[in-house]
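Take a look at the letters that make up each chain.
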Amino acid sequence: MSSDWDNSSVARDPWQVNEISGNESDIDPNSGRACELMLDFAIAGSGGASMHMMVFWLFGGNTWFLRLGIRKATSSMESLTDDDIPAWWERLGLPGLIDIHTHFLPERMLRRVWAHFDDVGPLVGRPWPINYRWDQKARLAHLRQLGVRRFTALTYAHKPGMAADLTDFALDLAEENPDCVPSATFFPEDDVVDQVRSALDRGARVFKVHAQVGGFDLREPVLDKAWGLLAEAGVPVVVHIGSGPVPRGGATGPDKLEGVLRRHPNLTAVVAHLGAPEYEEFLDLADQYRRVHLDTTMAFTDFFEDMAPFPNELLPRLADLGDRIVLGSDFPNIPYSYAHQLESLERLRDREARLDDDWLRAVCWSNGQRLIGD
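This is a predicted model, so every value here is computed, not measured.

A. Focus on unusual backbone geometry. Note the cis peptide between Gly244 and Pro245, where omega equals 0°. Relative to the helices and strands, Pro245 is located in the loop between β10 (237-240) and α9 (254-263). Note that the residue after Ala276, namely Pro277, is joined by a cis bond; omega there is -5°. Inspection of the secondary structure assignment puts Pro277 in the loop between β11 (269-271) and α10 (279-288). Backbone geometry places Asp330, a non-glycine residue, at a positive phi of 75°. Relative to the helices and strands, Asp330 resides in the loop between β13 (325-326) and α13 (338-346). Assessed through its relative accessible area of 8%, Asp330 is described here as buried.

Structure (structure tokens):
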């Protein structure tokens, strides 16, 4: 049995059952698999804190594992909705939000991406329902309604022959929508240098590569001159290189990006998802290379914390790197509301006092403004 308690401000009053999720059928000792019963209790007199109890029945029918924890009441942020977001950034004195990690794809490809997320449950251990399964016009309108002043159209190729068309799509979208940052992608193929040069000449201000999906090593020789062009141009590259949510041998991991940075130390690399789950290693790279940034995409959300929790002992380093942490959301491919990403960032102050309003202002506006403009 193990327990994880935070009882610093919890009153010693009797517990009152608030909600029970799960039922007896969830606990089947003969099923040959792990089963889970989750109980939530409100704690009287605690100002809204609750106890979250997870009871696991582990394989074999005769072993229990009990995890207990106090979930703090964290003020009004617990009920933040997308409708509340404009008031949220206004309270911070911001003119809106800048999001460096949003996705727009050709319709046919987007449907295939969503189908992949529909089926990804067995790989990541839980369902991944798309919260914003809307047409492109509605998605653009929603970002504007939230007050996202600048956003990207990140695309990524998984095989040769795709990247040029995806870049064309993203640049065309930006031409039609001035609040969309001109975005581009590339893939290790023979004409990759020409593609990157062409995208830069046409005004691309951010690139995206997804080594996990593409299944390639960032250090491949064919990419070396492309990295050099991007380093010289000072254009940021959002790189999914962490091993989460599913590692891909030979493609993911901090050593791949480190190899590129050794040759191109001035590359403006933005590590997606804070590099989950290799948070510490990517923070080390940011300490070593002054142009390495990290985006917040999905980090600290309940969904991600269940899979790849961010260690408390690393939180002070996020404060130390406050000018190089930038807002990212993964909109629209997220299994929760956009507001939840923001509330997940705001509640970090309960774990590290320096992750305060000033930190949020930098993350949600000024750092992104410096990277991709306003």
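B. Spatial organisation of the sheet that holds β11. Here six strands make up an open sheet; going across it, the order is β8-β9-β10-β11-β12-β13 and the pairing parallel. Each having just a single partner strand, β8 (183-185) and β13 make up the two edges of the open sheet. Pairing geometry for β11 and strand β12 (residues 293-295), over two bridges, is parallel. The residue bridging Val271 from the neighbouring strand is Leu294, located in β12.

C. Spotlight on the packing of α13 against helix α14 (residues 357-372). Put simply, α13 and α14 touch, their axes get as near as 10 Å, and they point 145° apart. For the crossing formed where α13 meets α14, the hand is right-handed. Counting all contacts with α13, which are made through Leu342, Leu345 and Glu346, the residues of α14 involved are Trp359, Leu360, Val363 and Cys364. Residue classes in the contact of α13 with α14 are distributed as six nonpolar, no polar and one charged.

D. The nonpolar core, seen in detail. Among the nonpolar cores identified, the biggest contains 113 residues, and Leu97, Phe186, Phe207, Leu218, Trp227, Leu318 and Tyr338 are the most heavily contacted of them. Tallying contributions element by element places α14 first for this core, with seven residues. Not counting residues within four places of it along the chain, the set of residues in contact with Trp227 comprises Phe186, Val209, Leu218, Val237, Val260, His264 and Leu267.

E. Layout of the pairing of strand β9 (residues 206-210). Counting buried residues along β9, five of its five residues qualify, which places the element largely inside the surrounding structure. With burial as the criterion, each face of β9 is covered, one bearing Val206, Lys208 and His210 and the other bearing Phe207 and Val209. Across four bridges, the pairing between β9 and β10 is parallel. When the bridges of β10 are listed, Lys208 appears paired with Val238.

F. Local environment of the pattern of salt bridges. Under the defined criterion, the tally for this structure stands at 22 salt bridges. For Arg263, the salt bridge is made with Asp224, and the minimal N-O distance between the two is 2.7 Å. Of the two residues, Arg263 sits in helix α9 while Asp224 sits in helix α8 (residues 224-233), which places them 39 residues apart along the sequence. For Glu352, the salt bridge is made with Arg354, and the minimal N-O distance between the two is 3.6 Å.

G. Structural view of the sheet that holds strand β7 (residues 180-181). As summarised here, the arrangement of the three strands in space is β5-β6-β7, forming an open sheet in which the pairing is parallel. Only two strands of the sheet have a single partner each, and these edge strands are β5 (97-99) and β7. One ladder, built from two bridges, connects strand β6 (residues 148-152) with β7; its direction is parallel. Bridge pairing links Phe151 to Cys180 in β7. Along the sheet, α14 makes contact with β5, β6 and β7, crossing β5 at roughly 50°.

Reading guide: rules and limits
Residues numbered from 1 in each chain as written. Predicted model: local features only at pLDDT ≥ 70, side-chain atom pairs only at ≥ 80, totals over all residues. Heavy atoms only, no water. Helix = DSSP H or I, 4+ residues; strand = E, 2+ residues; numbered from the N terminus. Buried < 20%, exposed > 50% of the residue type's maximum accessible area, 1.4 Å probe, protein only. Pairing = 2+ DSSP bridges. Axes fitted to C-alpha atoms, helices over the stretch in contact; angles between N-to-C directions. Left-handed = near helix turned anticlockwise from the far one by under 90°. Contact = heavy atoms within 4.5 Å. Nonpolar A, V, L, I, M, F, W, Y, C, P; charged D, E, K, R; others polar. Core = buried A, V, L, I, M, F, W, Y, C linked by side-chain atoms within 4.5 Å. Salt bridge = Lys/Arg side-chain N within 4 Å of Asp/Glu carboxyl O.

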